[in-house]
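Tertiary structure, described
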Amino acid sequence: MAKLLEGKFIADQIKEKLKTSVQSLRQVPVLASILIGDDPGASAYVRTQAKIATSLGIKYVLHKFDASISEDGLIDFILKLNADTAVNGILVQLPLPASINYMNVCGFIQPDKDVEGMHPTNIGKVLFGRARIAACTANAVMELLNSTGVDLYGKEVVIVGHSEIVGKPLAMLLLEKFATVTICHIATSEAGKLQGHVERAEILIVAVGSPNLIKGEWIKEGAIVVDVGINRLNEKIVGDVEFNAAQRRASYITPVPGGVGPVTVAVLMRNLVEAALAQQQ
Ligand code: NAD
């Protein structure tokens, strides 16, 4: 029976260290958060971020815009935040309206204020293994894996999901540790090859957004399973992995909710404090 990889415990450890770092800053660090439209998931996430930021002594400033804002209008606003020396970090909440391209927008955030690590410069630094700020969810997965004490060197790692915010940066962080990384995606499923890849995984990370996509019986005995997916199913929040059946085979498994999510927010706050520290040097 797998041990639970509880995110709260790891998040609390990160946050405890952050409190000391925040106190060492000359000024209260400021995180500017941009929310567009009224997506209920994003609104709830913003409330969680604000609560955690405040508990750490970080000033969280929410900027809300109507879904009708244009990409150029949003970029103009980001340029103002870049120029505001009181702002240490800038965060654009997802999802964005279809008229706004996330990657275009991220490219206008000053790299040293890009607390989500999505500016091309910061993504490039991940590629070279020199990231000071790397994508929050990918980093959160690394924190969860580290907490198991697993040596990633030469391990068969399978990531399901190849998005820019999770799968791709995570693959780079894992390669840096000399894991053998396979990335699966929709075409892997369509080719009927997903099960075969998952069955080989000593470490499995799933970030798709499809409840019960990964069957418990596919999990290799003793595997570490990190489920990034967040889905609403029958009024409950579930991940992408059949949790109960997978727990019987894995050595460690993240719960959903309560696994990757809390660590992601803690890493976001750490990125903000890192940014503030670098800016005051
Ligand atoms: P995305 O939509 O950008 O990417 C989804 C990925 O899944 C793509 O690579 C796609 O090819 C793949 N995919 C889709 N259907 C598939 C199938 N049937 N078989 C195999 N692969 C398939 O998603 P995202 O933004 O990376 O988010 C993925 C999930 O992770 C969502 O549920 C999201 O809510 C969750 N998420 C959680 C956190 C967190 O902190 N816990 C953070 C980010 C995203």
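Residues numbered from 1 in each chain as written. Predicted model: local features only at pLDDT ≥ 70, side-chain atom pairs only at ≥ 80, totals over all residues. Heavy atoms only, no water.

1. Points about the site of the ligand
Close to the ligand lie 20 residues; His-162, Ser-163, Ser-189, Ile-230 and Thr-264 are nearest. In the environment of the ligand, an oxygen atom lies 2.5 Å from a nitrogen or oxygen atom belonging to the side chain of His-162. Summarising the interface, the protein chains cover 72% of the accessible area of the ligand, which totals 860 Å² for the free molecule. Of all the secondary-structure elements, those providing two or more residues to the shell around the ligand are α8 (186-190) and α11 (260-279). (Near = heavy atom within 4 Å. Polar contact = N/O pair within 3.5 Å; in protein donor to acceptor, adjacent residues only side chain to side chain. Areas by Shrake-Rupley, 256 points an atom, 1.4 Å probe, with all protein chains shown as cover. Helix = DSSP H or I, 4+ residues; strand = E, 2+ residues; numbered from the N terminus.)

2. Structural notes on the domain arrangement of the protein
By a frequent convention, interface size equals the accessible area lost on bringing the separate parts together. The domain architecture assigned to the protein consists of domain 1 (26-110) and domain 2 (136-261). A straight line from the C-alpha centre of domain 1 to that of domain 2 covers 28 Å. (Domains from an automatic or database assignment.)

3. Examining the pattern of salt bridges
Following the criterion strictly, the structure yields eight salt bridges and no others. Note that Lys-19 and Glu-16 form a salt bridge whose closest N and O atoms lie 3.6 Å from each other. Of this pair, Lys-19 and Glu-16 both sit in helix α1 (residues 7-24), three residues apart, which is roughly one turn of the helix. Close ionic contact of Arg-270 with Glu-143 constitutes a salt bridge, the shortest N to O distance being 2.9 Å. Of this pair, Arg-270 sits in helix α11 while Glu-143 sits in helix α6 (residues 136-148), and the two are 127 residues apart along the sequence. Through salt bridges with shared partners, a single network forms among Lys-8, Asp-12 and Lys-15. (Salt bridge = Lys/Arg side-chain N within 4 Å of Asp/Glu carboxyl O.)

4. Considerations on the environment of Val-226
Along the chain, Val-226 turns up in strand β8 (residues 224-227). In this structure, the C-alpha to C-alpha distance between Val-226 and Leu-144, residues 82 residues apart in sequence, is 8.0 Å. If we ignore the near neighbours within four places in the chain, the residues touching Val-226 are Leu-5, Val-141, Leu-144, Leu-145, Leu-204, Ile-205, Val-206, Thr-254 and Val-260. (Contact = heavy atoms within 4.5 Å.)

5. Details of α6
A rise of 1.5 Å per residue sets the reference length of α6, with its 13 residues, at 18 Å; its end C-alpha atoms lie 19 Å apart and thus fit the reference within 8%. Taken together, the buried positions of α6 are occupied by Cys-136, Thr-137, Ala-138, Asn-139, Ala-140, Val-141, Met-142, Glu-143, Leu-144, Leu-145 and Thr-148. Against the buried residues of α6 lie α1, α7 (167-176), β7 (203-206), β8, β11 (252-253) and α11. One or two residues past the end of α6 sits Gly-149, with phi positive at roughly 80°. (Expected span 1.5 Å × (residues − 1). Buried < 20%, exposed > 50% of the residue type's maximum accessible area, 1.4 Å probe, protein only.)

6. Side note on the pairing of strand β4 (residues 89-92)
Side chains of β4 alternate between two faces, with Gly-89 and Leu-91 and Ile-90 and Val-92 buried alike. Judged from the four bridges that link them, strand β2 (residues 30-36) and β4 form a sheet pairing that is parallel. Directly across from Ser-33, in β4, lies its bridge partner Leu-91. (Pairing = 2+ DSSP bridges.)

7. Some thoughts on the packing of α1 against α6
Close contact between α1 and α6 brings their axes to 10 Å; oriented N to C, the two are set at 100°. Accordingly, the angle class assigned to the pair α1 and α6 is roughly perpendicular. Between α1 and α6, the residues in contact are Gly-7, Ile-10 and Ile-14 and Glu-143, Leu-144 and Ser-147, respectively. Its residues assigned to classes, the contact of α1 with α6 shows three nonpolar, two polar and one charged. (Axes fitted to C-alpha atoms, helices over the stretch in contact; angles between N-to-C directions. Parallel < 35°, antiparallel > 145°, perpendicular 65-115°, else oblique. Nonpolar A, V, L, I, M, F, W, Y, C, P; charged D, E, K, R; others polar.)

8. Some thoughts on the packing of aromatic side chains
Summed over all chains, the structure comprises two aromatic pairs. With centroids separated by 5.0 Å and ring planes inclined at 70°, the aromatic side chains of Phe-65 and Phe-77 adopt a geometry described as edge-to-face. With a gap of 12 residues between them, Phe-65 in strand β3 (residues 59-65) and Phe-77 in helix α3 (residues 71-83) connect regions that are remote in the sequence. Relative to Phe-178, the ring of Tyr-153 has its centre 5.5 Å away and its plane inclined at 35°; by these criteria the two rings are tilted. Linking Tyr-153 in the loop between α6 and β5 (156-160) with Phe-178 in the loop between α7 and β6 (180-184), this pair joins segments that are 25 residues apart in sequence. By relative accessible area, Tyr-153 is classed as exposed at 58%. (Phe/Tyr/Trp six-rings, centres within 6.5 Å; stacked < 30°, edge-to-face > 60°.)

9. Quick word on the nonpolar core
Counting residues in each nonpolar core, the largest one holds 73 residues, and the members touching the most others are Ile-34, Ile-58, Leu-145, Leu-174, Ile-205, Val-226 and Met-269. With 10 residues, α11 is the single largest residue contributor to this core. For this core, the two domains that each supply at least three residues are domain 1 (26-110) and domain 2 (136-261). When residues no more than four places from it in sequence are discounted, the contact partners of Leu-174 are Met-142, Leu-145, Leu-152, Val-157, Ile-159, Ala-179, Val-181 and Ile-205. Counting residues in hydrophobic clusters, the runner-up holds 18 residues, among them Leu-204, Val-206, Ile-214 and Ala-246. (Core = buried A, V, L, I, M, F, W, Y, C linked by side-chain atoms within 4.5 Å.)

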